[in-house]
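# Working through the structure, step by step
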Amino acid sequence: MVRCGVLIFSTDQSIQPADLAKAVEARGLDSLFLPEHTHMPLASKSPFMEGEIPEFYKRTHDPFVALAACAAVTERITLATGICLVTQRDPITLAKEIASLDVISNGRVLLGIGAGWNQVELEHHGVKYADRWRVLKERIEAMKTIWTEEEPSFDGEFVKFDPMWSYPKPVQHGGPKIWIGANSKWVPDRVADYADGWMPIRGRPGGGSIEMLRDACEKRGRNFDDITLAQFMAPLDEKEVNDAVGEGYSEMIFALPSEGKDTVLSKLDEIAAFAEKLR
């Protein structure tokens, strides 16, 4: 069965995240994904859009604060980042934030991750654009160490810490599942190396493919069937979704507008009705 969720740029001008989470759960959908940008430098230029950066990119809530509010008013839905810019966060602090949210939500956290497209934004966090994927991998490895060891330590190129205590540990064994949200030809190997799922954005070029992911899993000794395939910004088109399911996708994540309550709930009703056809 296909799992269906939604994503929204949750901001100070859009529907309250807790109100949305309750509505998502009430309509029988499976997940809620929130993206993030810590800030948007005035010098920002995107390779994925023409003209000015949309207003909602400048105003996103911190996703973990928003998802904690969502956890308090729901019992079932997956609470996910789509995506968390791990390259812009301290891994010791982020490990605790994620573990705390996983405990508070009774194990419902999913961590969608990416390295970021905004070079200036990354540089404001002290990360070189060319290093972003190496930084991301090392921070993920460090967080997994914190989540799984009682007295973790880490000695990497970008992350170093002596033996320490860090609690709580996540409810989910080994920590929440990690999905990479990116499309490039290098992503399949990254997924096979240190992730549990792949979440490419529908329609965005990049060069990555499912066959490349199969090959990467074989080379790294991973079972391809253990990898979840999720389509981010999935279409409300039954044939396209069925074709994607035939290719191996098991999760569809539909986009909601970053708007007020009435507009968002109207679109959510449309998505819920469409999702019901897929069950």
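Data block above holds the structure.
In this report, we go over the structure that sits alongside the text. (Residues numbered from 1 in each chain as written. Predicted model: local features only at pLDDT ≥ 70, side-chain atom pairs only at ≥ 80, totals over all residues. Heavy atoms only, no water.)

### What to know about helix H7 (residues 187-194)
Note the following rule: Relative accessible area decides the class of each residue, using a 1.4 Å probe on protein chains only: under 20% of the type maximum gives buried, over 50% gives exposed, and in between gives partly exposed. Counting from the N terminus, the helices are DSSP H or I runs at least four residues long and the strands are E runs at least two residues long. The contact definition used throughout considers only heavy atoms, calling two residues in contact when any of these lie within 4.5 Å.
By the criterion of burial, H7 is predominantly enclosed, with six of the eight residues buried. Taken residue by residue, H7 has Val187, Pro188, Arg190, Val191, Ala192 and Tyr194 as its buried positions. Elements that come into contact with the buried residues of H7 comprise strand S4 (109-114), helix H6 (132-148), strand S7 (177-180), strand S8 (197-198) and helix H8 (210-220).

### Topic: the sheet that holds S8
Each strand in a sheet pairs with another by means of backbone hydrogen bonds, the pair being arranged parallel or else antiparallel. Convention followed: When DSSP finds two or more bridges between a pair of strands, those strands are recorded as paired.
On the basis of which strands lie adjacent, the closed barrel formed by eight strands has the order S1-S2-S3-S4-S7-S8-S9-S10 and parallel pairing. As defined by bridge partners, strand S3 (residues 78-85) adjoins S4 across five bridges and the pair is classed as parallel. Across the sheet, alanine 80 pairs through a bridge with leucine 110, a residue of S4.

### Some words on the side chain of threonine 60
For threonine 60, the position within the fold is in the loop between helix H2 (55-58) and helix H3 (63-72). The residues contacting threonine 60, other than those within four sequence positions of it, are Phe9, Ser10, Thr11, Pro35, Glu36 and His37.

### Concerning the packing of aromatic side chains
Let me state the cut-off plainly: Stacked, tilted and edge-to-face pairs are distinguished by plane angle, under 30 degrees for stacked and over 60 for edge-to-face with tilted covering the rest, among Phe, Tyr and Trp rings (Trp via its six-membered ring) whose centres lie within 6.5 Å. We call a charge positioned above a ring when the Lys NZ or Arg CZ atom is no farther than 6 Å from the ring centre and deviates by at most 35 degrees from the ring normal.
Taken as a whole and assessed by the stated rule, the structure comprises eight aromatic pairs. Relative to phenylalanine 274, the ring of phenylalanine 254 has its centre 5.7 Å away and its plane inclined at 85°; by these criteria the two rings are edge-to-face. Note that phenylalanine 254 is positioned in strand S10 (residues 251-255) and phenylalanine 274 in helix H10 (residues 261-278), a separation of 20 residues in sequence. For the residue pair phenylalanine 254 and phenylalanine 274, the accessibility class agrees, reading buried in each case. Through pairs of rings, three or more aromatic residues link up here, namely Phe9, Phe56, Tyr57 and Trp117. Across the ring face of tyrosine 129, the terminal group of arginine 132 is positioned such that the distance to the ring centre comes to 3.8 Å.

### Examining the side chain of serine 258
The test is simple: Polar contacts here mean pairs of N or O atoms no more than 3.5 Å apart (in protein, one a potential hydrogen donor and the other a potential acceptor; neighbouring residues in sequence count only if both atoms are side-chain atoms).
With respect to the helices, strands and loops of the structure, serine 258 is situated in the loop between S10 and H10. A distance of 2.7 Å separates a polar atom in the side chain of serine 258 from the backbone oxygen of phenylalanine 9. If we ignore the near neighbours within four places in the chain, the residues touching serine 258 are Ile8, Phe9, Thr11, Ser14 and Phe56.

Purely spatial values, then, with no claim about function.
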